[in-house]
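Residues per chain, in single letters:
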Amino acid sequence: MQLENILRYNAAAPHCIMTRKTSIYLIVALISTLLATACNDKSDDPVTVTETYANTAVTSFSLQKDDSVVAKLDSVYFSIDLVGARIYNADSLPLGTDVSKLLVKVGTSSAKSCNLTFRVPDTSRDTTINIIESPNDSINFSDGPVKMVVTSYDGTAQRTYEVKVNVHKSIPDTLVWDNFNGRKLPSVLNAAKYQKTVLYKEEAWCFTSDGTSSSLATTATPFDPESWTVTAATLPAGADVNSIEATTEALYLIDADGTLHTSADGLAWTSTGVKMNHIYGGYGNVMLGARKDTDGWKQVTYPASSELPIPAGCPVDGTSQLITYETKWSSAPMSIMIGGRKADGKLTGESWVFDGQTWGQLSTKGLDECEGVALFPYMTIRSNSSNWSVTNRSALLAIGGKKSDGAVDKTVYVSYDFGITWNKADSYLQLPATFIPFSEAQALVFATELPVSRVARPVENWECPYIYVFGGYTSGGSLIDGMRRGVINRFSFKPIY
C-alpha cells in the first residue's frame, strides 16, 4: 500500500533538538509572572509555545535511477515522518534487490550539512558522508537503517533521521500455505467419510459423518482449535451430507428420496415436504435448487415461488459453492456458481448466475469442464513497476474439481470480471506440490487479526484474509480429513505507516 508523506508536527516529540521561536528562559519568566498575578487577574488566556522542524526538515527523499539495480528505481516513493524522524519506502523493493550501493537525493529547506552514517560493505567499520557536498557517493542500506543528521544553515539545530530502504524478504504476491495443513477436521468421529462446511451466521459450520453417526462443529475463528464447538449431531435418515447448504436464516439438506429438510441449529431437522434433486445454495433467505420432473428439469425454491424450466446448458448437479455479490450494474444481488453436470450428463466449465428470478449463463470463457469446484471471492495483487504502486484487485478464485475422465485436480483459476472470463492463475497463485488434488471441498475466507511481535505505533494489529479449505475427496472418493489454510504472502506483512 503506497502511503502519503506523514508531515505531522508535535511539540511533545521526544529526543529532538529543534529551533524555538520562544526561548526556554522567556517561557519560564512568563510562566512565573502569570503565576504571581493569577490572584489579581481573572484572565485564563493560555500560553502557546510553538516548536518547529523547519530549519532541519527533510522535504524530499528519493533514490537515483540505476537500472542495474532495478527498473524505475528513481520512482520508488519514500514517506517522511518528521515527528518520528523516519524515512522509508512503504512498498518494499523486490526480493533480492541489491541496496548496498545506492545514490540518493535529499531535499531540505535550508540545511548546512546532511551527514549519512552507514556500514562500509563487507566490513565492521562505519563511515559518514555529507550528501550535500558529495551527491555522487553511494550509500549502503543493506546492513540496516542509515543514520542521517541534518544541521540547520546557521548551525544552531540538528535533527537525526533513520533512513531505511525496505526490501521484501520473501516473494510477496505468492499464495502460501502454512503448517495448519496437517490439522484434521473438527469432529467427534474417529473416521469420517463425508463432510460439508458452509458459512452460516458468519461462522464456519462443519458437518462430518461416517455413514452412521454425524458431528457438527462451529466457529468464527477456524485457526484456533480451542474455538470450535463440537457436538454429536443427528441428521435425517438417508441425509446427503454433501448437499448441506445455508441461507441467511436456516440450513438445508436433501435425503436419499430428494426430500428437503431444514434446521435452524444443525441439530433439529424438519422436513419441508418439498422435493429437490440438487441444492445450489442460498439466495438471501431463499434456498435455490433443481428438480427433475417427467417433463424435464425445473428450477425450484424454498419457500416456493414460480417454477421455470432449467435453461439449456445449466448444470443440475455437481456445482460449486454459490457466491452472492452486488454490482453497480444490477438492481438486485447476483449469485454465481461454476462447473457441474448438465441435464444431458455432460460436464460444464461455465459460470451461471441467478438474478433473483432466473438462471443465465454469465461466462464467455469458462474453465475446463469439471464438477465439485471450490469457488470463493478473494483479492489478488497488481504491482505497477512504473510508479511502484500496489493495488488490491477483487477476484473470484476456483480451485480443484473432478474432470470428465474421473481425475481430480488442484488447478487454480481466476476471474477479475465477476466470472465472465476465467483463466488459469499465474504460477505464484497455484497450489504447492504437497497439496493433494481434490474435488467437492469448500473454501471460506475469514479475516484474522494478526498482532505484531512487540508493541508498535501506530500499527499494533491488522486483519489478514485467510483462505480455509475444508475436506474434499480424492479421485477414489476417499475423504481428505483435514483443513488447509492459505493467504497471499503480502497480506500477512505488517503494514508500514
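A brief report on the enclosed structure follows. (Residues numbered from 1 in each chain as written. Predicted model: local features only at pLDDT ≥ 70, side-chain atom pairs only at ≥ 80, totals over all residues. Heavy atoms only, no water.)

### Looking at unusual backbone geometry
Each neighbour pair has its own omega, and for tyrosine 302 with proline 303 the value is -5°, a cis peptide bond. Along the polypeptide, proline 303 turns up in the loop between β22 (296-302) and β23 (308-309). Even without being a glycine, glutamate 202 presents a positive backbone phi close to 65°. Positionally, glutamate 202 belongs in the loop between β12 (194-200) and β13 (203-209). On the basis of relative accessible area, glutamate 202 is assigned to the exposed category, the value being 64%. Even without being a glycine, phenylalanine 418 presents a positive backbone phi close to 65°. The residue phenylalanine 418 is located in the loop between β31 (408-415) and β32 (423-424) in this model. Classification of phenylalanine 418 by relative accessible area gives partly exposed; the value is 36%. (Helix = DSSP H or I, 4+ residues; strand = E, 2+ residues; numbered from the N terminus. Buried < 20%, exposed > 50% of the residue type's maximum accessible area, 1.4 Å probe, protein only.)

### Brief notes about the nonpolar core
Among the nonpolar cores identified, the biggest contains 39 residues, and Tyr378, Phe438, Ile467 and Phe470 are the most heavily contacted of them. Sorting the residues of this core by element identifies β11 (175-177), β13, β29 (374-384), β30 (389-402), β31, β33 (442-451), β34 (461-470) and β35 (483-488) as the ones contributing at least two each. The greatest single-element share of this core, amounting to six residues, is contributed by β34. In this structure, phenylalanine 438 is in contact with Ile399, Gly400, Gly401, Val408, Asp409, Leu431, Val469, Gly472, Tyr473, Ile480 and Arg484, ignoring residues within four places of it in sequence. In terms of nonpolar packing, the next biggest core, distinct from the first, is built from 30 residues, Val76, Ala85, Leu93 and Val146 among them. (Core = buried A, V, L, I, M, F, W, Y, C linked by side-chain atoms within 4.5 Å. Contact = heavy atoms within 4.5 Å.)

### Observations regarding the sheet that holds β23
If you walk across this open sheet you meet the four strands as β20-β21-β22-β23, and the pairing is antiparallel. Strands at the two margins of the open sheet, each flanked by one partner only, are β20 (278-283) and β23. Across two bridges, the pairing between β22 and β23 is antiparallel. Paired with glutamine 299 across the two strands is leucine 308, which belongs to β23. (Pairing = 2+ DSSP bridges.)

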